[in-house]
Amino acid sequence: MKLFTFFFIFIFSMNYPAQQYGKELDQYFTALTDLKNFNGNVKIAKNNTILLDETYNIQDADKALEVNKNSKFIIASVSKVFVKYGILKLAEQGKLKLSDTLNKYIPDFPNGEKISIEQLLFHQSGLPREIKDYEKYDHLSLEKIIELAKKETLQFEPGTQTLYSNVGYFILHFIIGKLSDKGYWNFIQTEIIKKYKLKNTGEFNTAQTLSDFAYGFSGENGKIIPVAHTSINRFETGNYFSTTDDLYSFSQQLISGKHLRKDLVLKMFGKNSQLIQAGGRPGYRAYYYQDLKSGITFIFTSNFTDIPFQKVTEDIIHLLNGQSYTIPQKINKKAITVPDEVLRQYTGKFALEADQSQVFTIILEDHFLYILDKDGEKTKIYPESPTSFFDNPQSEDGYLFLKGSDQQYYLVIISTGVKLNTKRIQ
């Protein structure tokens, strides 16, 4: 009896930390969902122990927003995990070397002799984030994207900096298609979908019908509304759909080294032993986080745009590492009055550092600041402090004006919790 009691206590004490983590994680996502800041599926594990595997639905919303455990979500740039894998598989097969330069595969690509495959993989190619004016196109073939990419100017000398580049991954997508015997999608199906037995993962553009598809929604003027159909059929790399179960299964099989040589698996994770990829587009947010050192795997898929992305991803890792974090709480910002002479300092034109084609204009009208995007859409912003502004009092997002070393103010845009730096251009 004593031995049984000891064994029971031992097992209980071993399970308690996992149970506690699970409880705290569920409290976090429940609070987030109650605030209408999350809708989707979450799967979190540490050292192969599942801590959370739940579905969260915003209450009293459009019935079409509701998802379940089997729902399939567009994962946007999380698809890049599969593109990266595909390139490394080609390297294993001897069809390319990571040190190869781009001009070997696209001979007439400007500066192609300077850009290596590895630099494309790790966003060090110098190519910009997006094709110029990409939002004007409803659909582009991959061949047309490559032609447009040839017209882009390098942002820096390849290998000297890191700048997230969707353009670079379009090129990697193209190279996979060029070097594989039966084209890009057949290669991905053969080497990833089938070998990893991902039964609920595929390319949305090639799917004839899709059961349990989670249609995307976003918040607008306090209402949750479906996104336009043009936001669903997009030409991003792969345009994959998947589930948290499939993505988690992939993460576990990946590190086994069964389907990809171990040294190349480690290449997936880079120098910091982390494989992290965020995905977002109108109606969808997705996240893939896998850390070999901490043993943490954190995956979510969502069919709702208005998530404080950076806060959530940071909070969850802090929680799992025993660091401080805050449970999501209701926000109600209050506007104050700021003199026109202060507001006037912030007027001008600002371009995103990460995508200089994205230009914002700040104007002063009737004692208030307005921000205009490059399409001329005008948003009134309210001062919470002399340097901090908001357009939605119930959102953590906002606008900060900070003084640079040149004594000029520059704009920081906080969007879904992510800070986007700009530089003044006028």
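Residues numbered from 1 in each chain as written. Predicted model: local features only at pLDDT ≥ 70, side-chain atom pairs only at ≥ 80, totals over all residues. Heavy atoms only, no water.

### A few points about the sheet that holds strand E3 (residues 73-74)
Then step 1. Spatial ordering of the open sheet is given by E3-E7-E4, a layout of three strands whose pairing is antiparallel. A strand with exactly one partner marks an edge of an open sheet, and here the two such strands are E3 and strand E4 (202-203).
Then step 2. In this sheet, strand E7 (residues 240-242) lies alongside E3 in antiparallel orientation, the contact comprising two bridges. Residue pairing in the sheet places Phe-73 in a bridge with Ser-242 of E7. (Pairing = 2+ DSSP bridges. Helix = DSSP H or I, 4+ residues; strand = E, 2+ residues; numbered from the N terminus.)

### Thoughts on the confidence of the model for the protein chain
Then step 1. Residues at a pLDDT of 70 or more form 92% of the protein chain, whose mean pLDDT is 90.
Then step 2. Taken as a whole, residues 1-14 scores under 50 in pLDDT and shows one contact with residues more than four places along the chain or in a different chain. (pLDDT = per-residue confidence, 0-100. Contact = heavy atoms within 4.5 Å.)

### Some remarks on the pattern of salt bridges
Then step 1. A complete count under the given rule lists 17 salt bridges for this structure.
Then step 2. Glu-92 serves as the salt-bridge partner of Lys-89, at 2.5 Å between the closest nitrogen and oxygen. With Lys-89 and Glu-92 both in helix H2 (residues 80-92) and three residues apart, the pair spans about one turn of that helix.
Then step 3. Note that Glu-118 and Lys-267 form a salt bridge whose closest N and O atoms lie 2.7 Å from each other. You can see Glu-118 sitting in helix H3 (residues 117-121) and its partner Lys-267 sitting in helix H9 (residues 262-269), a full 149 residues away along the chain.
Then step 4. With a relative accessible area of 27%, Glu-118 lands in the partly exposed category.
Then step 5. Put simply, Lys-43, Asp-53, Lys-69 and Asp-245 are held in one network by salt bridges that share partners. (Salt bridge = Lys/Arg side-chain N within 4 Å of Asp/Glu carboxyl O. Buried < 20%, exposed > 50% of the residue type's maximum accessible area, 1.4 Å probe, protein only.)

### A look at the packing of H2 against helix H6 (residues 184-194)
Geometry of a packed helix pair, given as the angle between the helix axes and the separation of the axes.
Then step 1. It is the contact of H2 with H6, at a shortest axis distance of 11 Å, that shows an interaxial angle of 85 degrees. What the angle tells us is that H2 and H6 run roughly perpendicular. Each of Phe-82, Val-83, Tyr-85, Gly-86, Lys-89 and Leu-90 in H2 lies in contact with H6, whose residues at this interface are Tyr-184, Phe-187, Ile-188, Glu-191 and Ile-192.
Then step 2. Classifying every residue of the contact of H2 with H6 gives eight nonpolar, one polar and two charged. (Axes fitted to C-alpha atoms, helices over the stretch in contact; angles between N-to-C directions. Parallel < 35°, antiparallel > 145°, perpendicular 65-115°, else oblique. Nonpolar A, V, L, I, M, F, W, Y, C, P; charged D, E, K, R; others polar.)

### Describing the sheet that holds strand E18 (residues 418-424)
Then step 1. Taken in spatial order, the eight strands of this closed barrel run E11-E12-E13-E14-E15-E16-E17-E18, and their pairing is antiparallel. Each neighbouring strand pair of the sheet contributes to a mean axis angle of 35 degrees, computed without reference to strand direction.

### What about the pairing of strand E11 (residues 348-352)?
Then step 1. Of all the five residues making up E11, four are buried; the element is thus mostly covered by neighbouring parts of the structure.
Then step 2. Here E11 runs beside strand E12 (residues 359-365); their pairing, made up of four bridges, is antiparallel. Paired with Ala-351 across the two strands is Val-359, which belongs to E12.
Then step 3. Counted between consecutive antiparallel strands, the loop separating E11 from E12 contains six residues.

### Some words on helix H8 (residues 244-256)
Then step 1. Its 13 residues place the ends of H8 19 Å apart at the C-alpha level, agreeing with the 18 Å of an ideal helix rising 1.5 Å per residue.
Then step 2. Listing the buried residues of H8 in full gives Thr-244, Asp-246, Leu-247, Tyr-248, Phe-250, Ser-251 and Leu-254.
Then step 3. Remark: Gly-257 follows H8 within two positions and exhibits a positive phi of approximately 75 degrees. (Expected span 1.5 Å × (residues − 1).)

### Points about the side chain of Lys-333
Then step 1. Here Lys-333 lies in the loop between helix H10 (309-320) and helix H11 (340-343).
Then step 2. Buried within the structure, Lys-333 lacks any salt-bridge partner; its nearest side chain of opposite charge belongs to Glu-384, at an N-O separation of 4.4 Å.
Then step 3. For Lys-333, the residues in contact, after removing those within four places along its chain, are Glu-384, Phe-390, Pro-393, Ser-395, Glu-396 and Asp-397. (Lys, Arg positive; Asp, Glu negative; His and termini not counted.)

### A few points about the nonpolar core
Then step 1. Formed by 59 residues in total, the largest nonpolar core has its most connected members in Ile-87, Ile-171, Phe-250, Leu-254, Met-268 and Tyr-288.
Then step 2. Where this core is concerned, the elements lending two or more residues are H2, H3, helix H4 (142-149), helix H5 (166-179), H6, H8, H9 and strand E9 (284-291).
Then step 3. Once you skip the residues sitting within four places of it in the chain, Ile-171 turns out to touch Leu-102, Ile-106, Phe-109, Leu-120, Leu-127 and Ile-146.
Then step 4. Leu-25, Ile-307, Val-312 and Leu-320 belong to the second largest nonpolar core, which has 22 residues in total. (Core = buried A, V, L, I, M, F, W, Y, C linked by side-chain atoms within 4.5 Å.)

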